[in-house]
Amino acid sequence: MIEYEKNLIPLAKELRKNMTPWERKLWYNYLRSYPVKFRRQQVIHNYIVDFYCAKARLIVELDGSGHYSPSKIEYDLKRTECFEQMGFTVIRISNNDISDNFRGVCDYIDCAVNTILFSGD
């Protein structure tokens with residue numbers, strides 16, 4: 001079982017109701033019907049991740065313009081390091097890629113899931 005901060009659950013629920021346009025596009029046009037189950041706005045440890053695939057232990061984070069300031073880059077690196085220490089794989093996708101290269105983003109996620117799930121064969 002994944003450890004998590006229970007006090008973050010209400011915020012995660014609120015974030016599910018108020019997804020960004022890029023989160024909404026990725027969820028409704030791809031991840032919701034993906035053959036391996038993804039969850040959105042999942043609480044893991046002390047954080048809320050955008051999308052999470054338990055079977056692959058994969059976290060997908062979408063990054064808007066706010067993620068490119070020096071302090072936010074450092075914060076995101078700490079988050080990623082924490083997740084990786086817990087055995088998760090983290091991929092980061094820019095909102096611009098969702099807008100400009102949606103098919104490529106979908107292929108990238110599919111490749112990541114399949115690489116993780118079938119790397120032991």
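Just so you know, these numbers come straight off a predicted model, no measurement behind them. (Residues numbered from 1 in each chain as written. Predicted model: local features only at pLDDT ≥ 70, side-chain atom pairs only at ≥ 80, totals over all residues. Heavy atoms only, no water.)

Participant: How would you explain the overall build of the protein if you had to name every residue and give the values?
Facilitator: Within the protein, the regular secondary structure consists of five helices and four strands. If you list the helices and strands of the protein from N to C, you get α-α-β-β-β-α-β-α-α. Its C-alpha atoms give the protein principal-axis dimensions of about 35 × 35 × 30 Å. Buried positions account for 41% of the 121 residues belonging to the protein. In the protein, the share of contacts with a sequence separation of at least 24, taken over all contacts with a separation of at least 6, comes to 62%. Put simply, the protein shows about 7200 Å² of open surface, and 51% of that area lies on carbon and sulfur atoms. Of note, the protein has its 17 positive side-chain charges centred 9 Å away from the centre of its 16 negative side-chain charges. (Helix = DSSP H or I, 4+ residues; strand = E, 2+ residues; numbered from the N terminus. Buried < 20%, exposed > 50% of the residue type's maximum accessible area, 1.4 Å probe, protein only. Contact = heavy atoms within 4.5 Å. Areas by Shrake-Rupley, 256 points an atom, 1.4 Å probe, with all protein chains shown as cover. Lys, Arg positive; Asp, Glu negative; His and termini not counted. Charge placed at Lys NZ, Arg CZ, Asp CG, Glu CD.)

Participant: For the pattern of salt bridges, give the residues involved together with the corresponding values.
Facilitator: One pass over the full model with this rule turns up five salt bridges. Its salt-bridge partner being Arg-79, residue Glu-61 comes within 2.4 Å of it at the nearest N-O pair. With Glu-61 in strand S3 (residues 58-63) and Arg-79 in helix H3 (residues 70-85), this residue pair connects regions lying 18 residues apart in the sequence. Arg-79 carries the same exposure label as Glu-61, and that label is buried. The shortest N-O distance in the salt bridge between Lys-72 and Asp-76 comes to 4.0 Å. Within this pair, Lys-72 and its partner Asp-76 are both found in helix H3, separated by four residues, close to a single helical turn. Owing to a relative accessible area of 6%, Asp-76 belongs among the buried residues under this scheme. The structure contains a network of salt bridges with shared partners spanning Asp-63, Lys-72, Asp-76 and Arg-92. (Salt bridge = Lys/Arg side-chain N within 4 Å of Asp/Glu carboxyl O.)

Participant: I'd like a rundown of the sheet that holds strand S4 (residues 89-94), residues and numbers included.
Facilitator: Each strand in a sheet pairs with another by means of backbone hydrogen bonds, the pair being arranged parallel or else antiparallel. Read across the open sheet, the four strands follow the order S1-S2-S3-S4; overall the sheet is mixed. Two strands bound the open sheet, and with one partner strand each, they are strand S1 (39-44) and S4. Taking each pair of neighbouring strands and ignoring which way they run, the sheet shows an average axis angle of 45°. Two elements, S1 and strand S2 (residues 47-53), share five bridges in a ladder whose sense is antiparallel. (Pairing = 2+ DSSP bridges. Axes fitted to C-alpha atoms, helices over the stretch in contact; angles between N-to-C directions.)

Participant: Go over unusual backbone geometry with me, naming the residues and quoting the values.
Facilitator: Both trends apply: most residues other than glycine have a negative phi, and most peptide bonds are in trans. One non-glycine residue, Gln-41, adopts positive backbone phi at about 45°. Note on placement: Gln-41 falls in strand S1. Since its relative accessible area comes to 2%, Gln-41 is described here as buried. At Arg-57, a residue that is not glycine, the phi angle is positive and equals roughly 50°. Position of Arg-57 among the secondary structure elements: in the loop between S2 and S3.

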